[in-house]
Structures are given as structure tokens and as C-alpha cells.
Amino acid sequence: MKKLDLYISRQFLSTLGITLFGFICVILIVDLIENLDRFIDNSVPYIKVFYYYFYALPWFLNIGLPMSMLISTVLTIGLMAKRNELTVIKSSGVSLYRFALPLLLIGLFVSFISFELDNVLVSQGNNKRYDIEQKYMKKRAHKRYRNVLKNVFIQKHETRHIAINTYKVNQQNGIGNTVINLENGIINQRIDAVSITWIDSMKTWALTDFSIRKFSETGAIINLFISKQDSLINLGFTPEDVTQQSKSPDELNYGELTARIIQLKENGVNTTRWEVDRYFKISFAFTNLIIVMFGIPLVVLKSKGGLTFGAGMGIFVIFIYYAFLKFGLSLGYKGILEPLAAAWIGNILFSLGGITLMLTARK
């Protein structure tokens, strides 16, 4: 049985390598064609374009893995059935479950690799890619470029807390701003401003319609200043602090995302969307295992013409699967489902479907 496991694994992994390489090439070419006019319009240096796609490779690899796993499963079993190897194996008394074991173990192993890949390389790569977009690709900004940030919270040196309701990145302007200074854990000053705008030439903020309150150790107001005029005030942070502290979930690894959720909760922000994205980082990784479980019986159920049938059904299944994943995320973002359920509903449904197919397939 060990020789059979090694043979199946070798066939699968060689097919996976070729398939994955093909998917990455296709994704890269499509993305390059989509962004080519942006690179030209913004006169982006060639070396920056190279780095842009170098940093994108882990992301391309991660999103290409589930599709490659499914196609590799179908091709591996389909080719074995076409060469009558599957018939010989089954006639030797080897059940479908035992035959599928090495493929399922590989799927489980690849799921852990996918999670670590997302946790280490994908988040870092996305962060660096978005920095290139922000610096070199401001014209005709891509939808991933974050021009408007909502509910921004920044902590500086544990003594200054900044809250901004809406921040416009291009204009370097914040609406609805609060800056709180602490001394020995006690609030000693609070600045509220309707609008703040960064003056780059002076490296400071221009405040409009603002108030400054100073407090005693007991919390009583000892000084109050209110102004409707524009004034230049050093608030102790810069626009770079805002953009760095307001990274999107796909720029943060699992640990950083967890820390961000805790921070936002402490500031009274609704973290539902962030929690859904955090759970999805795990559920998406296990797509690789579930898709193998679903793909094996697609060929076995129809051994004659199984390769053609399995390939066609595999493409259909992967699109339906992704549709279910996106549907679950939408329900989670809107608060209809709990974050954990929203991130896993697609995996749960397709796991049940895969198990059902495995049970009904011929042993």
C-alpha cells in the first residue's frame, strides 16, 4: 500500500505543480493587462512594476491553489481511470476511501501551507503592493487603493489617542477628529476638531472649528478654548501614521488582525466585518482539503468519460463554491450571520456535499 500511496502522491503532486504554474501565469497576465494602462498613465518605472508583481506572487499562489487542487485531483484520477489503473486498484480490494487517503492528506497539508502562506507572505506582499500603488499609481486609482478611511484610531506612545471619523487619503483631510492626551493614565487634554488638513510645507495640521479642553487630575475642566478660525497645531501624528494604522484586513496577518479587533473594540467600534475577515483567513485555507474531497467522486461516479465529465464539473463546482463563500461573507458583513458562521458556511455545505458524494460513489 505504501507503494500505491507514493505512486498516487507523485502523480498528484507533479500534476499540481504544472497546473499551479499555469494558473499563476494566467492570473499574472490577466492582472498585467488590466493594470497596463495604469502603469503607462502614471509612468511607473519598470523596476516598480517588477516589484509590484513580485510582491503579488504569494497572493496569486494562494488564490490559485484551490483551483489547482481540484483540477489536479480530477486529472490524476481521470488519467488513472483512462489507463485502467483505477479498475485494477479497485479489483484488488482497495476501497475508494483507502485510495483517496493520500490525496486527502495532501489536501490537509496544503491547507496548513496555505494558511501559513497567507499569514506570513501574502499579508506582507499586499502591504508592499499597496504602498507602490499609493506612491506611483494615484491616477485612475484601482478599487483596492483606499482613498477614504472610516473610523480610524491611532495610539502614539501610549499617551496620545487619535480618533478620526472619515479620512481622505488624497486630500490628507480628516472629518470628525478627537485627540486625547494622557498623563499617568489620566486625561489631561482633549482636542476636538470638525476638520483637520495636513500642510505639507509646514509639516503640521490646520484645524478648522475646534476646541481644546484641559483637565485637572480629578477630571474637572480647568481651561477651555473654542475657535471657529483656522489654526496650525501640532497634533503629534502625521498622514503616514493614519495610513499605516488603517491597513485593510488583507494586509494584516491573523495575529495582527486579532490585535486590531481588540483595539477597535476597546474604542467602541463595530468589528463585525473585521471578525468575518479574520475567520475567513482560516476557512479559505481549508478550501484546499474540501475541494479535493469534492473532486474525487466527480470522476469515480462516472468512470467512462470520467476525465471530461470531472473536468467540466470541476470548473462548475469551483465557481459555485466561490459564490457560496462570497454569499456567506456578505451575510456576515451585514450582520445576518455570526462572523464564524458566515466565514465557514460555504465550507460546511460543500464538506457535507463532498462526504455525501464519497458515500454514494462506488467503493
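Per chain, the residues get numbers from 1 upward, laid out in the order the sequence is written. Thresholds applied to this predicted model are a pLDDT of at least 70 for local features of residues and 80 or more for the giving and counting of side-chain atom pairs; totals over whole chains, interfaces and linings are not thresholded and use all residues. Excluded from the side-chain calculations are hydrogens and water; all other atoms, namely the structure's heavy atoms, are used.

Regarding helix α7 (residues 272-285)
- In this model α7 runs 21 Å from its N-terminal to its C-terminal C-alpha over 14 residues, within 8% of the 20 Å that 1.5 Å per residue would give.
- Bend at a residue means the angle formed by two fitted axes: the first through the 7 residues ending at that position, the second through the 7 residues beginning there. Note on conventions: DSSP H or I runs of at least 4 residues are helices, E runs of at least 2 residues are strands, and numbering of each starts at the N terminus. A maximum bend of about 25° is found in α7 at Y279.
- Relative accessibility decides the category of a residue: with a 1.4 Å probe and only protein chains considered, values under 20% of the type maximum give buried, values over 50% give exposed, and everything between is partly exposed. For α7, a buried count of 10 out of 14 residues is recorded, marking the element as mostly surrounded by other parts of the structure.
- Looking at α7, one finds that the buried residues are W274, E275, V276, D277, R278, F280, K281, S283, F284 and A285. The length a helix should cover is 1.5 Å for every residue beyond the first.

What about the pairing of strand β6 (residues 221-227)?
- Paired strands, as defined in this entry, are two strands with at least two bridges between them according to DSSP. Pairing analysis gives 6 bridges linking strand β5 (residues 204-215) to β6, with the strands arranged antiparallel. Bridge pairing links I212 to F225 in β6.
- What sits between the antiparallel neighbours β5 and β6 is a turn of 5 residues, in which G219 has the positive phi angle 95°.

Description of unusual backbone geometry
- With phi around 50°, N151 is a residue other than glycine that occupies positive phi space.
- Checked against the element boundaries, N151 lands in strand β1 (residues 148-156).
- By relative accessible area, which is 42% here, N151 ends up partly exposed.
- Despite not being glycine, Q172 shows a phi value in the positive range, around 50°.
- Positionally, Q172 belongs in the loop between β2 (160-168) and β3 (173-183).

Quick look at the packing of helix α1 (residues 2-41) against helix α4 (residues 96-136)
- Running from amino to carboxyl end, α1 crosses α4 at an angle of 25°, the nearest separation of the two axes being 12 Å. Taken as axis vectors, α1 and α4 run roughly parallel relative to one another. When you trace α1 past α4, the crossing you get is right-handed. Of the residues in α4, those in contact with D5, I8, S9, F12, L13 and R38 of α1 are R98, F99, P102, L103, I106 and E133. The axes used here are C-alpha line fits, helices contributing only the stretch in contact, and every angle between their N-to-C directions lies in the interval 0 to 180 degrees. Angular relationships are summarised with four words: roughly parallel below 35 degrees, roughly antiparallel beyond 145, roughly perpendicular across 65 to 115, and oblique for the angles in between. For any pair of crossing helices, the crossing counts as left-handed if the nearer helix is rotated counterclockwise from the farther one by less than a right angle, and right-handed if it is rotated clockwise. It only takes one pair of heavy atoms within 4.5 Å for two residues to be counted as in contact.

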